[in-house]
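Listed below, chain by chain, are the residues.
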Amino acid sequence: MKRSTPVVFGNARFTVYSPGCVRLEYSQGGQFSDGPSLLVGRKMAKAMPADVAIKAKKLIIKTPRFELIYQDDGQVFSPANLGIRHTNYVGQPMTWTPGKRDGGNLGTVTRSLDQWKWCGGPTHYPVEGILSTDGGHFVQDDHRVYWNPRYDWPECRGHVVAYDGYFFAYGDDYKAALKDFVTVFGRIPMVPRWTFGFWYSRWYAYSDQEVLNLVRRYRKEGVPMDVMIIDTDWRKGWGGYDWNPKFFPKPARTLKQLHNLGVRVSLNDHPGYDNYDALPADDSHIPAVARRLGPLPHQGQWACDWSNQKAVRAWKDIVLGPLFDQGMDFWWVDGWVKPPFAGTDSQLWANRVYFELAEERTKKRGMILARWGGVGSHRYPVQFSGDTPSEWSMLQHQVEFTSRSGNLGAVYWSHDIGGFFGREIDEELFIRWAQFGAMSPVFRTHSDHGIREPWAFSPRARALFRKQARIRYALAPYFYTLAREAHDTGLPIARPLYLEYNDNDGGALWRKHQYLLGKDLLVIPADAPVDARSGLLRKRAFFPRGQWVEVETGEEVNGILDGAIDIPIERIPTYVRRGAILPTQPVGDQLGVETPSEIHFEYYPDPAAASEYELYEDDGESHDHERGRFARIAVRAVVRGKQIEMTVGRPRGQYKGMPRRRTLVLRVALPAGVRAARAQVQGLRGDWRNIPAVHSAYALAGTLKTARVFVEVRLPWALNKIAVRFTLDNVWR
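Treat the numbers as computed from the prediction; the structure is a model and nothing was measured.

> Any chance you could break down the pairing of strand β8 (residues 82-87) for me, citing the residues and the numbers?
As defined by bridge partners, strand β7 (residues 67-71) adjoins β8 across 4 bridges and the pair is classed as antiparallel. When the bridges of β8 are listed, Glu67 appears paired with Arg85. Inspection of the sheet shows β8 paired to strand β9 (residues 93-96) by 4 bridges, in the antiparallel sense. By the bridge assignment, Arg85 is partnered in β9 with Thr95. Between β8 and β9, which pair antiparallel in sequence order, lie 5 residues; one of them, Gly91, sits at a positive phi of approximately 85°.

> Give a detailed account of the pairing of strand β29 (residues 574-577), specifying residues and quantitative values.
Pairing between strand β26 (residues 521-523) and β29: 3 bridges, direction antiparallel. For Leu522, the partnering residue across the bridge sits in β29 and is Tyr575. Sheet topology note: the strand β27 (residues 536-550)/β29 ladder contains 3 bridges and is antiparallel. Looking across to β29, one finds that Val549 is bridged to Val576.

> Go over the packing of helix α4 (residues 286-293) against helix α5 (residues 309-320), please, and point to the residues and values.
At a minimum axis separation of 10 Å, α4 and α5 run at an interaxial angle of 150°. If you check the angle between α4 and α5, you find them roughly antiparallel. In this structure, α4 crosses over α5, and the sense of that crossing is right-handed. Contacts between α4 and α5 involve Ala288, Val289, Arg292 and Leu293 from the first element and Lys310, Ala311, Arg313, Ala314, Trp315, Asp317, Ile318 and Val319 from the second.

> Break down the pattern of salt bridges for me, citing the residues and quoting the values.
One pass over the structure, following the stated rule, counts 53 salt bridges. Of the charged contacts, one joins Arg460 and Glu427 as a salt bridge, the two residues approaching to 3.4 Å between their closest N and O atoms. With Arg460 in helix α10 (residues 459-474) and Glu427 in helix α9 (residues 427-438), this residue pair connects regions lying 33 residues apart in the sequence. Shared partners join several salt bridges into a network, and the residues in it are Arg187, Arg484, Asp488, Glu614, Arg632 and Arg652.

> I'd like a description of helix α11 (residues 476-489), backed by residues and values.
Every α-helix winds through 3.6 residues per turn, so residues three or four apart in the chain are directed the same way. If you check α11, its first and last C-alpha atoms are 20 Å apart, about what 14 residues at 1.5 Å a residue would give, namely 20 Å. By the criterion of burial, α11 is predominantly enclosed, with 12 of the 14 residues buried. Within α11, burial applies to Ala476, Pro477, Tyr478, Phe479, Tyr480, Thr481, Leu482, Ala483, Arg484, Ala486, His487 and Asp488. Within two residues after α11, Gly490 carries a phi angle of roughly 85°, on the positive side.

> An account of the packing of α9 against α10 is needed here, citing residue identities and associated values.
For any two helices packed against each other, one specifies the inter-axial angle together with the distance between the axes. Direction vectors running N to C along α9 and α10 enclose 5°, while the axes themselves pass 9 Å from each other. With respect to α10, the axis of α9 lies roughly parallel. Contacts between α9 and α10 pair Glu427, Phe430, Ile431, Ala434, Gln435, Gly437 and Ala438 from the former with Arg460, Ala461, Leu464, Phe465, Gln468, Ala469 and Arg472 from the latter. Among the residues forming the contact of α9 with α10, the class breakdown is 8 nonpolar, 3 polar and 3 charged.

> Before we move on, could you go through the sheet that holds β29 and cite the residues and values that matter?
Spatially, the 6 strands line up as an open sheet ordered β24-β25-β26-β29-β27-β28, and their pairing is antiparallel. Single-partner strands in this sheet number two, and they are β24 (494-495) and β28 (556-568). The sheet contact formed by β27 and β28 spans 12 bridges and is antiparallel. Of the residues in β28, the one forming a bridge with Phe542 is Asp562. The strands that α11 touches are β24, β25 (515-517) and β26; relative to β25, the one it contacts most, it runs at about 100°.

> Give me the lowdown on the sheet that holds β9, citing residues and values where you can.
Reading across from one edge, β1-β5-β6-β7-β8-β9 is the order of the 6 strands in this open sheet, with antiparallel pairing throughout. Two strands close off the open sheet at either side, each with one partner strand: β1 (2-3) and β9. As judged from the 2 bridges shared by β1 and strand β5 (residues 50-55), these two strands associate in the antiparallel manner. The partner of Lys2 across the bridge, within β5, is Asp51.

> Outline unusual backbone geometry, supporting the account with residue identities and numerical values.
Following Pro381, the chain continues into Val382 via a peptide bond in cis, with omega recorded as 20°. Turning to its location among the elements, Val382 is positioned in the loop between β20 (368-370) and β21 (383-384). Of note, the amide linkage connecting Gly559 to Ile560 takes the cis form, showing an omega dihedral of 5°. If you trace the backbone, Ile560 turns up in strand β28. Despite not being glycine, Leu296 shows a phi value in the positive range, around 40°. Residue position: Leu296 is located in the loop between α4 and α5. Taking relative accessible area as the criterion, Leu296 reaches 41% and is therefore assigned partly exposed. The backbone phi angle of Leu719 is positive, close to 70°, even though this residue is not glycine.

The rules behind the values
Residues numbered from 1 in each chain as written. Predicted model: local features only at pLDDT ≥ 70, side-chain atom pairs only at ≥ 80, totals over all residues. Heavy atoms only, no water. Pairing = 2+ DSSP bridges. Helix = DSSP H or I, 4+ residues; strand = E, 2+ residues; numbered from the N terminus. Axes fitted to C-alpha atoms, helices over the stretch in contact; angles between N-to-C directions. Parallel < 35°, antiparallel > 145°, perpendicular 65-115°, else oblique. Left-handed = near helix turned anticlockwise from the far one by under 90°. Contact = heavy atoms within 4.5 Å. Salt bridge = Lys/Arg side-chain N within 4 Å of Asp/Glu carboxyl O. Expected span 1.5 Å × (residues − 1). Buried < 20%, exposed > 50% of the residue type's maximum accessible area, 1.4 Å probe, protein only. Nonpolar A, V, L, I, M, F, W, Y, C, P; charged D, E, K, R; others polar.

Put into structure tokens, the structure is as follows:
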């Protein structure tokens, strides 16, 4: 019989959130918590009905994806009284019971990659992702800390709630599993548009003028920049929150100058490393802290007790918050405190405090840079992977680590490009790391006083860094649309192949050193040195079903193919799916938050099928998108014999700052030996009139010279529906 959930049965409570997700709680005396746990965040998911049958002491709950059978024996959940039937990724029946090991997990996520080389490598602090060839996975809320609405603060209830967790059943539908994950544990926030620019960071005692000159130098080199991170030397010492007057005599002025250059600013903070870092004795904030909390408020120190509501509020008001007023945009939370609530990961709690503080102070979307704090940390981007060795093995691991981390919603990893350790690194390693960084969700160089500026290397390295950075900026509309997809569905930006091509051919499931950006770009990073004789790296690569076109060389590959490719130093192989429509934009000095006044759509025709794409846009920084203030632009394209037609629809929706007139560029990749004889635009009455068209070898809004010929038209666009037809001099072949 269909009935609402949760269902309370003896000391157990079961809540169904989707056909593939059920919560399991057990509490002696039925003393369940009605508030969300710290793993879940601020809001509880909405429960849904399910088929429920009760016979004596037996309860059965059924959905299209699972059947839960529980025998109430008065004991906490165990294999003796609870089982959930579901299917694995090939449709075979499976039964999960409490304590059962996940035998087919598709990848763990670790809190960071700090000291990765010396502390166990991939086994360093692993947390299993929810995706598995078992077709199901259980996430346990071990610490059982819940938000108490009466006191507006966490409450430890492990002494009352004996068991709490969530089972996800999905078979081979991994996308549904990720959707269920963000439904329960909270959406991945929309990040500001400038997140997809270039971030500069270095542990080095820069002066204010040196920081400003760095921005100007990158711009002079033709490398755009959006974020400047100032490491710990902005202040007087390792801790404390007073600016160092030796380096920053007028910090507010410096931050304003950086903003005038179009750069956002982050400052490094050390809340502690599994301890409570105290303010130094001469910190100017101590008198205000003393007035609020009394003398030496925590453990005889001028430190914050992160489990105490009044102390955290004081720290936000007096110590951390005022830096926003001076012009800082977000904190780099470079550390963690002791677990404040019953063993809850302290990084999760610290990230929440700092992220919500950014929202409070800026009245915009939150942002931090911080290590991952376990399940639920995806709600507080960006994730910082820590202090890593500058070695090929680290780059290799980061490639697979970045894509599989989406299995727990961690889709915004920021790595130290070039590695943290190593003041001087091999030029080839630097080039390859930068290529990967520019084609990953967040692109940030960093080091421990090391050399990571491209002009410190050879002219070749300098040119290749500039090339890949500009390719990234050209793809900003594509990245930003993927950010909205991640927000809506839980799908990561950089994703393993099996999320899009889960057809059990083997290759898509097990090729870990390549990934997709969305569904349309296949990226195969070089993660080892080239052969000294050939100057090439031969790397095994898998191409999923469909046809794939290398963006720069024009090489065409028919999937399904498990083979090898040769990679020169000059490029990171990037293949576009035939049939894809890529949104791009001209490259400037920075992305900022503004919608580009000129938008390009680049079509890689598939004669066998029509193509569709939907571009997402909003104001780039506010929470207005949560109130429906955004726009989507549908683009369609089709090949009919000798004609290719592209249609751009009117934007659906609107937002603050939305441009009313834009320049529209439509670009089509042509097959070898074929040219466009004519281009036409459709008038209001349905008639077609001829317009100028240009043939060019440049793709990605003119940033990349390729071995392929494109035809393009440039049109003024008043946001009306517009259709363009290209007539070829030969049929498509």
